[in-house]
Amino acid sequence: MRNYIIKRLLLIPVTLFGILLINFAIIQLAPGGPVEYMLAQYKGMNTSATGNINSGMPNLNEQKYQGAKGVPDDLVKELEKQFGFDKPVHERFIKMLKDYICFDFGKSYYKDKTVLELIKERLPVSISLGLWSTLIIYLIAIPLGIKKARKDGEEFDVVSSFIIFIGSAIPVFLFAVLLIVLFAGGTYFQIFPLKGLTSDGWETFSFWHKIGDYFWHLALPTICIVIGGIASLTMLTKNSFMDELSKQYVLTARAKGLSEHRILYHHVFRNAMMIIIAGLPGLLMKILFTGSLLIEIIFSLNGMGLLGYEAIMTRDYPVVFGTLYIFALLGLILKLISDLTYSLVDPRVNFEKI
């Protein structure tokens, strides 16, 4: 197992290089960019100045940037130098790789902070939403899926399936708005806060008051994510256990007189949980960085998903690539942890042969 871990750790830098290379190439080919964005801002804020400039024949800058028409050449060159676009593409990519090895992601184009400072500010929000939501989803979905497998076709299975699919069919943002209207001062009750992860003056609270305030703010966003994510894991658990219950070793165990509880939790559980454990990194990454984007917007939570979205919309490339690097690194580490857990659940799994 040690050799496998070493191989996977050595593959992480290679994988990160490939991810950065592909995305860097895509960014170069994509229309728009920070220079275009700033030119649009310039022309929008100073229309009188740009309107008096003689456009004449299109120059090189106008051919390169659609928004450069009617803008002084010196300003365009200054913007290119500011954003580093005055250097060749390969030099920019090599410099980015050297900086990223030291976790130096540079400074945001539009925020007066480094990318690391922005990530440190936003990461606790995403981790809070991701970890608690994933924990609750697993605590509910796995026992529920096991019970549905044991009572397949019975009234409990049918009713629970109906409720689960109704809950999963409601869009997350619509359910979030409904909770706000009902419980966050929208129309009826004002039980839960609507903004942020903590209240004002949180630093002065006592220890238990801090914990209570933290979970008070997390309640509604977490419920929204759990409702949206519980259906697939419940059905995956049920189908996995149903598949194991139909196998020969279960029939043999029943013929020997073993109790259903012992068969289920000492024999079936280990085999059925393998596919569920394998899906844990993907679920956690989805909740951490993509699945919580709408929730972060609706509940005014400044997390990593919202940070990445804002960076893409404004072409803030240091933040785009910095968050991409962190996402990819965390994903690779979580996948390795998943494989290790996989082998602990079933010692028959031997990754040394891979």
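Attention in this report is confined to the structure presented alongside it.

Reading the values: the criteria
As a convention, each chain's residues are numbered from 1 in the sequence order in which they are written. For a predicted model such as this one, the threshold for reporting local features is a pLDDT of at least 70, and the threshold for listing and counting side-chain atom pairs is 80 or more; totals across whole chains, interfaces and linings nevertheless cover every residue. Hydrogens and waters are ignored; side-chain quantities use all the structure's heavy atoms. In this text, helices come from DSSP runs of H or I with a minimum length of four residues, and strands from runs of E with a minimum of two, each type numbered from the N-terminal end. Relative accessible area decides the class of each residue, using a 1.4 Å probe on protein chains only: under 20% of the type maximum gives buried, over 50% gives exposed, and in between gives partly exposed. Should any heavy atoms of two residues lie within 4.5 Å, those residues are considered in contact. For every accessible area listed, the method is Shrake-Rupley and the probe measures 1.4 Å; residues are considered covered only by the protein chains on display. The angle between two axes is taken between their N-to-C directions and runs from 0 to 180 degrees, where each axis is a line fitted to C-alpha atoms and a helix contributes only its stretch in contact. Handedness of a crossing follows from how the near helix is turned relative to the far one, being left-handed for an anticlockwise turn of less than a right angle and right-handed for a clockwise one. For this scheme, ten residues count as nonpolar: Ala, Val, Leu, Ile, Met, Phe, Trp, Tyr, Cys and Pro. Four count as charged, namely Asp, Glu, Lys and Arg, and the remainder, Gly too, count as polar. Expected span of a helix, by definition, is 1.5 Å for each gap between consecutive residues, and there is one gap fewer than residues. Bend angle per residue: angle between axes fitted to the 7 residues ending at that residue and the 7 residues starting there. In this scheme Phe, Tyr and Trp rings, the latter by its six-membered ring, pair at centre separations within 6.5 Å, and the angle between planes marks the pair as stacked below 30 degrees, edge-to-face above 60, and tilted otherwise. For a ring to carry a charge above it, either NZ of a lysine or CZ of an arginine must fall within 6 Å of the ring centroid while also lying within 35 degrees of the normal to the ring plane.

Observations regarding the overall build of the chain
Regarding its fold elements, the chain presents 16 helices and zero strands. Across the 354 residues in the chain, those meeting the buried criterion constitute 39%. Contacts spanning at least 24 positions in sequence make up 72% of the contacts within the chain whose residues lie at least 6 apart. Working note: accessible area of the chain is about 20,100 Å², and carbon and sulfur atoms make up 66% of it.

Digging into the packing of helix α7 (residues 115–150) against helix α10 (residues 207–245)
Following both chains from N to C, one finds α7 and α10 inclined at 35°, their axes separated by 5 Å at the closest point. Crossing of α7 against α10: the hand is right-handed. In terms of residue class, the contact of α7 with α10 is made up of 23 nonpolar, seven polar and two charged.

With respect to α7
Here α7 contains 36 residues, and its C-alpha end-to-end distance of 50 Å stays within 8% of the 52 Å for a straight helix at 1.5 Å per residue. Of all the bends found along α7, the most pronounced is centred on arginine 122 and spans about 35°, while proline 124, a proline, follows it within four residues.

Focus on the packing of aromatic side chains
By the definition in use, this model includes 13 aromatic pairs. Relative to phenylalanine 105, the ring of phenylalanine 103 lies with its centre 6.0 Å away and its plane at 75°, an arrangement referred to as edge-to-face. Judged by relative accessible area, phenylalanine 103 falls into the partly exposed class, the value being 35%. Residue classification places phenylalanine 105 among the buried residues on the basis of a relative accessible area of 4%. Their ring planes at 75° and their centres at 5.2 Å tell us that phenylalanine 207 and tryptophan 208 sit as a pair that is edge-to-face. Classification of phenylalanine 207 as exposed rests on a relative accessible area of 55%. Here the aromatic cluster, defined as three or more aromatic residues joined through ring pairs, consists of Phe17, Phe24, Phe93, Tyr317 and Phe321. Between lysine 147 and the ring centre of phenylalanine 156, over which it is positioned, the NZ or CZ distance is 4.6 Å.

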